[in-house]
Amino acid sequence: MRTVRLAQPADFGAWRVRARALAAARVRPEDILWQVGGDDGDLFGAGADDSVEADAPARTLNVPRGFIDLAAQAICHSDPERFGLLYRLLLRLQDDPHLFRVATDPDVHRAEAMARAVRRDLHKMTAFVRFREVRDETGAEAFVAWFEPEHFIVERVASFFVKRFSSMRWSILTPSRSLHWDGATLHLAAGATRADAPDGDAIEVHWRTYYTNIFNPARLKIKAMKAEMPMKYWRNLPEAGLISPLIAGAPRRAREMIMNDPTPAPERHVRQTRRHPVQEPTPLDTLPRSLVEAAAAARDCARCGLCRHATQTVFGEGPLDAPVMFVGEQPGDHEDLAGRPFVGPAGRLFDRTLADAGIDRSRAYVTNAVKHFKFSLRGKRRIHQKPDAGEVQACRFWLGLERDFVKPRLIVSLGATALHALTGHAATLSSLRGRDLVLDDGARLIATVHPSYLLRLPDEATRVRESARFLADMKRILALAPVMRRADAAA
Ligand code: URA
C-alpha cells in the first residue's frame, strides 16, 4: 500500500501531478491510500511514498478535456473517496478513452454527481454570503462574513468575491479555510469558528429591505424556494426571519399586483443600463439533459446583459411532445412579471386567433426567441425594446435546446425576430411568408407576423385585412397538424 499525502483537501494541481505519475507506473487504485494534510503538511514530505513517481517512465497520459474539468470540480467534494475515484477513472480512461461518454458507468456517474454537488455549493456560496460591517483597530471600515460550505470550495470561489467586492476590505470565514482581501491582495488562512464572526450590524436592514423587494408573491413556490435557499443556510441569513411573514401575506399581495398596472422599473435600472452594456456569455458547466434541466439552467442565464434588468427568465412552456412550436420575440411587461410567455395583450390576441382557427394552445409549445424582457424606461413605464442581433444570438442557445428536446414537426415564427433566430439569416418576413420552408433539423417552418404587429396597426381596414391573413396562417397550421384541433372545434 502506498500512502499519497496531499497538503490541501482540494488541491487539484497536486493531485494531478501525483495521479499522473502513479498512473504512468500503472499503480492499482486499490494499492493507494490518499491522505490530506499530516504533521509536515508537505506534499512530498516524509510519510508519503514518492518512489513510484521517481521511477515512473516518462509516458504521456491521454484524457478527454472534459475529464480535467470534471476532476477539478469533483476534487473539491467532501467525500474522502474522491481522490481514489478520480484516479480509478484516470486509469480506466487509458484503456477506454470513450468511457467518459458512458453516463451510466458507476464511476463516471459518481464523479459527475460530485462535480454537480460542488457547483451547487459554489453557487450557494456566491448567493448566500452575507457580510457584516466591522471597524478594525484603526477605525477603518471592513466586512466579515461567516459561511459554512458543504465542500472544499473556498479557494475556487475566491475570485468571484475578489471581482465582485474588489474595492472593499473583507474576510470570509469558514470552518476549513478563510479568505482575507485587503483591497489589493488575497490571503488564504486557516479555518475559523462562527464565534470569530460578528453577529449582526446595520447592513442587515438593507438585506431585509432587499429581500422584501425581490420577493414576488405572485411566483410563490415554497418547495422550489426551499430548494433554492436550503434551510441549512437560513441561520446565517439576516433575511430568513422575513420568509414566513412574506409567505403568509403572499396571496393578498398577489391579488393586489394583478389589479395594478405593470410595475415600473426602478431608477437604478436606468443607471445600470448605462454602466453595463451587453456582457460575455457565461458557459454552462454541463449541457442540460432535459427540457426541465434547460429551463432550470436558463433561470440563471447571463448570456447577455438583459438578465440584469428583467424580473426573471421566461422560458417556453407546453407539452414535451408538442407537434407545433410557436416562437415569439421576447416576453413583454406582463410576461416578465408572470414568468410565462404570451399572457399579456399580444398573448390574448394570439389566444383568440388560435381559438378562432380551432387550435388548442395547450397542445402547442410556446416560447420566445429571447427569454428576457428588454425595455427602456419612459417615466415610470417599461417600454418594449427590440432585442439586438447579439441578444438574439446569445439566446439561440436556449431556443436550440427547446427545439432539440421538444422536436416539433412544425415551427411557427411570430414576427421577424423569431424568424431570424430560427433561420440564422436576415431574409425579410414578407419574402418568406406563405412559402414552404424547412429548417436545418427537418422541421417545417411557417413564417407569420407577430400578434403585437396587429395591435399596433393604426387603421381599421388594414387591421381587419391583416388579422384575416394571420387567422388564415393559423388555419394552415391546423391543416398541417390536425392533432392540434380543439376538442370543441368543428372539423
Ligand atoms: N411578445 C412576445 O414576443 N412574446 C411574449 O411572450 C409576449 C409578447
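This write-up is about the structure you can find in this document. (Residues numbered from 1 in each chain as written. Predicted model: local features only at pLDDT ≥ 70, side-chain atom pairs only at ≥ 80, totals over all residues. Heavy atoms only, no water.)

### Topic: the overall build of the protein
Here comes step 1: Secondary structure assignment for the protein yields 18 helices and 14 strands.
Here comes step 2: Restricting the contact set of the protein to residue pairs at least 6 apart, pairs at least 24 apart contribute 73%.
Here comes step 3: Of the roughly 25000 Å² of accessible surface on the protein, a fraction of 54% belongs to carbon and sulfur atoms. (Helix = DSSP H or I, 4+ residues; strand = E, 2+ residues; numbered from the N terminus. Contact = heavy atoms within 4.5 Å. Areas by Shrake-Rupley, 256 points an atom, 1.4 Å probe, with all protein chains shown as cover.)

### Examining the sheet that holds strand β3 (residues 132-135)
Here comes step 1: In spatial order, the strands read β3-β4-β5-β6-β7; together these five strands make up an open sheet with mixed pairing. At either margin of the open sheet sits one strand with a lone partner, and together these are β3 and β7 (186-190). Going across the sheet, the axis of each strand differs from the next one's by a mean of 25 degrees, ignoring polarity.
Here comes step 2: Both β3 and strand β4 (residues 141-146) contribute to a ladder of four bridges, which runs antiparallel. Bridge pairing links Arg-135 to Glu-141 in β4.
Here comes step 3: The sheet strands contacting helix α6 (residues 154-164) are β5 (170-173), β6 (177-181) and β7, and the helix crosses β6 at an angle near 20 degrees. (Pairing = 2+ DSSP bridges. Axes fitted to C-alpha atoms, helices over the stretch in contact; angles between N-to-C directions.)

### Topic: the site of the ligand
Here comes step 1: Contacts to the ligand come from Gly-328, Glu-329, Gln-330, Pro-331, Gly-332, Glu-335, Pro-341, Phe-342, Asn-368 and His-450.
Here comes step 2: Within the backbone of Glu-329, an N or O atom sits 2.7 Å from an oxygen atom of the ligand.
Here comes step 3: When the ligand is considered free in solution it has 240 Å² of accessible area, and contact with the protein chains removes 93% of it.
Here comes step 4: For the shell around the ligand, the class distribution of residues is three nonpolar, five polar and two charged. (Near = heavy atom within 4 Å. Polar contact = N/O pair within 3.5 Å; in protein donor to acceptor, adjacent residues only side chain to side chain. Nonpolar A, V, L, I, M, F, W, Y, C, P; charged D, E, K, R; others polar.)

### Considering helix α1 (residues 12-24)
Here comes step 1: Here α1 contains 13 residues, and its C-alpha end-to-end distance of 18 Å stays within 8% of the 18 Å for a straight helix at 1.5 Å per residue.
Here comes step 2: Those residues of α1 lying buried are Phe-12, Ala-14, Trp-15, Arg-18, Ala-19, Ala-21, Leu-22, Ala-23 and Ala-24.
Here comes step 3: Measuring from the backbone nitrogen of Gly-13 back to the side-chain oxygen at the start of α1 gives 3.2 Å, which picks out Asp-11 as the cap.
Here comes step 4: Of the residues one or two after α1, Arg-26 is the one with positive phi, at around 60 degrees. (Expected span 1.5 Å × (residues − 1). Buried < 20%, exposed > 50% of the residue type's maximum accessible area, 1.4 Å probe, protein only.)

### As for the packing of helix α5 (residues 106-128) against α6
Here comes step 1: In contact at an axis separation of 10 Å, α5 and α6 are set at 35 degrees when each is read in the N-to-C sense. Crossing angle aside, the handedness with which α5 passes α6 is right-handed. For the pair α5 and α6, contact is made by Leu-122, Met-125 and Thr-126 and by Arg-156, Val-157, Phe-160 and Phe-161, respectively.
Here comes step 2: Here the residues of the contact of α5 with α6 sort into five nonpolar, one polar and one charged. (Left-handed = near helix turned anticlockwise from the far one by under 90°.)

### With respect to the sheet that holds strand β12 (residues 410-414)
Here comes step 1: The five strands are arranged β9-β8-β12-β14-β13 in an open sheet whose pairing can be described as mixed. The sheet is open, and its two borders are formed by β9 (365-368) and β13 (437-438), each paired with just one other strand.
Here comes step 2: In the sheet, β12 pairs with strand β14 (residues 444-448) via five bridges, with the strands oriented parallel. Within β14, the position partnered with Ser-413 by the bridge is Ala-447.
Here comes step 3: Relative to β12, helix α15 (residues 416-423) is tilted by about 135 degrees, and along the sheet it contacts β8 (324-328), β12 and β14.

### Quick word on the pattern of salt bridges
Here comes step 1: Within this structure, the stated rule accounts for 29 salt bridges.
Here comes step 2: Linking Arg-403 and Asp-440 is a salt bridge whose minimum nitrogen-to-oxygen distance equals 2.9 Å. Residue Arg-403 is found in helix α14 (residues 389-406), and its partner Asp-440 is found in the loop between β13 and β14; the two are separated by 37 residues along the sequence.
Here comes step 3: One network of salt bridges, in which partners are shared, links Arg-433, Arg-465, Glu-466, Arg-469 and Asp-473. (Salt bridge = Lys/Arg side-chain N within 4 Å of Asp/Glu carboxyl O.)

### Observations concerning the state of the cysteines
Here comes step 1: Scanning all chains against the criterion turns up zero disulfides.
Here comes step 2: Summary of cysteine pairing: Cys-301 is not part of a disulfide, and the nearest cysteine sulfur, belonging to Cys-395, is at 5.9 Å.
Here comes step 3: Unpaired in this structure, Cys-307 has its nearest cysteine sulfur neighbour in Cys-304, at a distance of 6.3 Å.
Here comes step 4: Look at Cys-307 and you get partly exposed, because its relative accessible area is 22%. (Disulfide = S-S within 2.5 Å.)

### Observations regarding the side chain of Thr-448
Here comes step 1: Topologically, Thr-448 is positioned in strand β14.
Here comes step 2: One polar contact links Thr-448 to Asp-473, side chain to side chain, over a distance of 2.6 Å.
Here comes step 3: If we skip the residues at most four places from it in the chain, Thr-448 touches Val-412, Ser-413, Leu-414, Gly-415, Leu-429, Arg-433, Phe-470, Asp-473 and Met-474.

### Some thoughts on the pairing of strand β10 (residues 375-378)
Here comes step 1: Note: β10 against strand β11 (residues 381-384), four bridges, orientation antiparallel. Within β11, the position partnered with Ser-376 by the bridge is Ile-383.
Here comes step 2: From the end of β10 to the start of β11, which pair antiparallel, there are two residues, and Gly-379 there has a positive phi angle of about 60 degrees.

### Side note on the nonpolar core
The nonpolar side chains of a soluble globular protein tend to be buried, and buried together.
Here comes step 1: Among the nonpolar cores identified, the biggest contains 65 residues, and Trp-15, Trp-34, Phe-67, Tyr-87, Phe-131 and Trp-170 are the most heavily contacted of them.
Here comes step 2: Non-local contacts of Trp-170, meaning those with residues more than four positions away in its chain, are made with Phe-131, Phe-143, Phe-161, Val-162, Phe-165, Leu-179, His-180, Trp-181 and Leu-186.
Here comes step 3: Membership of the second largest hydrophobic core comes to 55 residues, among which are Ala-294, Ala-298, Phe-342 and Ala-369. (Core = buried A, V, L, I, M, F, W, Y, C linked by side-chain atoms within 4.5 Å.)

Geometric values such as these leave the question of function open.
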